[in-house]
Amino acid sequence: MKLPSKYIALLVILSLTGIFAYQAYWLTGLYRTMRTDLERNITEAMRISDYNEMLVRIQQMQRRNKEHGEISVSAGYGDEGEKIVQSNTTFHTSPGDTTTHTRVDTLYQSAPADTTTSDAMVHSQDGLDVLLRDHNSITSMAVYLQRGMHSGLDIFIEPSFATYDSLLNARLHEMNIPIRYRLQYLYSGYDAQDRWCYTDTLATGGTPGYMPGPNAVSYQYAFSSSEHDVYRLTTEPVGGLVLRQMAGILITSLVILLILGFSFWYLIHTILRQKTLEEMKSDFTNNITHELKTPIAVAYAATDALLNFHQADDPNKRERYLRICQEQLQRLGGLVEQILSMSMERRKTFRLHWEEVQLATLLPSLVELHKLKADKPVHITLDIVPEDLTVPADRTHLSNIVSNLLDNAVKYSRNQADITVRCSNYTATDGQVYTEICVSDHGIGIARDRMPHVFDKFYRVPTGNLHEVKGYGLGLFYVKTMVEKHGGTVEVKSEPGKGSEFKVRLRASKASPPAPLPRRGEEVGVSENEYL
């Protein structure tokens, strides 16, 4: 059971919609994940830069220890579980040979921490092993330890904002986060009576010349245990940066979607085209079967009358019956010739048999043939200039080309056919010399919107109430195909009610077999009642 084309198209559209929806969902999820990771990386860069800034200060203090003393800082929990930071400082004085050692102990108890999860992990029965399984807990512990180090270190040497800014800029570039930003060192506190909160900007840095826009976002890192000291980084939304990082994925996905879309479109187009061709071939088979039976039946009846009913004794009847047989056999032969020519043209082994054809010997016999077989008065004017004009061509196919044009001119003339055949040399703009064969008539003509399709296979121009015109839509297709095989061109000019003019131009000299020109061939786009 064949599935109707509309259901096939519907299934294809649903499949494409599902693929596009899944791709959009996947890309949206990837964008959100990458944006979250990027924002987390910015905050992590601020924390690591703060840690590195402390290391710079510790190295400075270590250099001073040789001359001024020793400093050690430790952080941890007290006996009752409270968080404490302890700093020990030893000052060396050497008046003469005497050295004095002074030890100062400072005990700091931090405010209750907000990271209850971290506290629970530290005090869990499984100890540090459980703590290390949670990345968030590790980060919280690292932040807490850094704050503890700040509490002891900042007593002796203040943070260097310029060093932190430089380290942060280097860290962002190392993590491939090329953003422009403004960096601020803020201190928040309360007045003496704890009535209102204030924020002081102690230092400002960042990318020179950068001013945050109205949509700018901020990232804060509190580096003191009291969370009064804060580094604030202000930059533009990172969505554009994420999209640039996803450029390769987005382009690849777009290319894949375009290929899929084109493939499905081409599939539907091919299915519909095959369906149209199948219908046309079916109609063509039905019509041609009828047309083949007609001349066979007429010729059989005529010969039967001559053989079995003694009609051959009467010279007039004998001549009339023989002429009928001849006309029907000519009609049958012409039809078979067209079908065989179409079949041969599609074979890879098809070759033209080139020779110098003299038009003055070829065309007169074709003119007389069409005058004899026409069922209406026919007047054909033949004009060949010069009289000995020749053209390199395949004699058989050239004869069929002209015969098809004459046959159309006769069929599409109403009461009588007035046809002109002109042959002459034609020089194109590129200097190439052609032999031009022009066949014009005063028939019913062709509408402008129909002319682009007259050379399509199986296409027939609608003739309105002129139902006596019969054909199969192969004649002009054969003409165009064979002319292009000869390396020439064919064109048509027509006006409804005034007639048509077909111009065939073949090369006047043949140096080598011309390459076939592209043709529309199978491009058929007509309704069911306009072909065959």
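These lines cover the structure that appears in this document, whether it is placed above or below. Source: prediction; values computed, not measured. (Residues numbered from 1 in each chain as written. Predicted model: local features only at pLDDT ≥ 70, side-chain atom pairs only at ≥ 80, totals over all residues. Heavy atoms only, no water.)

1. Comments concerning the overall build of the protein chain
Phase 1: Broken down by element type, the protein chain carries 11 helices and 14 strands.
Phase 2: Counting all 532 residues of the protein chain, 38% fall into the buried class.
Phase 3: Across the protein chain, every contact between residues at least 6 apart in sequence was considered, and the portion connecting residues at least 24 apart equals 67%.
Phase 4: Summed over its atoms, the accessible surface of the protein chain is roughly 31,400 Å², and 54% of this surface lies on carbon and sulfur atoms. (Helix = DSSP H or I, 4+ residues; strand = E, 2+ residues; numbered from the N terminus. Buried < 20%, exposed > 50% of the residue type's maximum accessible area, 1.4 Å probe, protein only. Contact = heavy atoms within 4.5 Å. Areas by Shrake-Rupley, 256 points an atom, 1.4 Å probe, with all protein chains shown as cover.)

2. Re the pairing of strand β4 (residues 181–190)
Phase 1: Among the 10 residues in β4, seven count as buried, and that is most of the element.
Phase 2: In terms of strand pairing, β4 meets strand β7 (residues 229–235) through seven bridges, oriented antiparallel. Across the sheet, Y185 pairs through a bridge with Y231, a residue of β7.
Phase 3: Pairing analysis gives nine bridges linking β4 to strand β5 (residues 197–206), with the strands arranged antiparallel. (Pairing = 2+ DSSP bridges.)

3. Digging into the packing of aromatic side chains
Phase 1: Tallied over the full model, the rule gives nine aromatic pairs.
Phase 2: Look at F161 and Y231: their rings are 6.4 Å apart centre to centre, the planes differ by 40°, and that puts the pair in the tilted class. In this pair, F161 sits in helix α5 (residues 161–174) while Y231 sits in strand β7, placing the two residues 70 residues apart along the sequence.
Phase 3: Since its relative accessible area comes to 12%, F161 is described here as buried.
Phase 4: A residue is classified by how much of its surface remains accessible, and Y231, at 0% relative accessible area, is buried.
Phase 5: Geometrically, the ring pair formed by Y185 and Y231 is tilted, given 5.5 Å between the ring centres and 50° between the ring planes. With a gap of 46 residues between them, Y185 in strand β4 and Y231 in strand β7 connect regions that are remote in the sequence. (Phe/Tyr/Trp six-rings, centres within 6.5 Å; stacked < 30°, edge-to-face > 60°.)

4. With respect to the sheet that holds β4
Phase 1: Spatial strand order, β5-β4-β7-β6: four strands in an open sheet with antiparallel pairing. One side of each edge strand has no neighbouring strand; the edge strands of this open sheet are β5 and β6 (217–222). When strand polarity is set aside, the average angle formed by the axes of neighbouring strands in this sheet is 25°.
Phase 2: Contacting β4, β5 and β7, α5 runs over the sheet at an angle of about 135° to β4. (Axes fitted to C-alpha atoms, helices over the stretch in contact; angles between N-to-C directions.)

5. Examining the nonpolar core
Phase 1: In terms of nonpolar packing, the biggest core is built from 40 residues, with L359, L363, L398, I419, V421, C423 and V504 touching the most fellow members.
Phase 2: Element by element, the count of residues in this core is highest for helix α10 (residues 395–411), at seven residues.
Phase 3: In this structure, V504 is in contact with I401, L405, T435, E436, I437, V483, T489 and V490, ignoring residues within four places of it in sequence.
Phase 4: In this structure, L172, Y181, Y185 and L233 belong to the second largest nonpolar core, which totals 23 residues. (Core = buried A, V, L, I, M, F, W, Y, C linked by side-chain atoms within 4.5 Å.)

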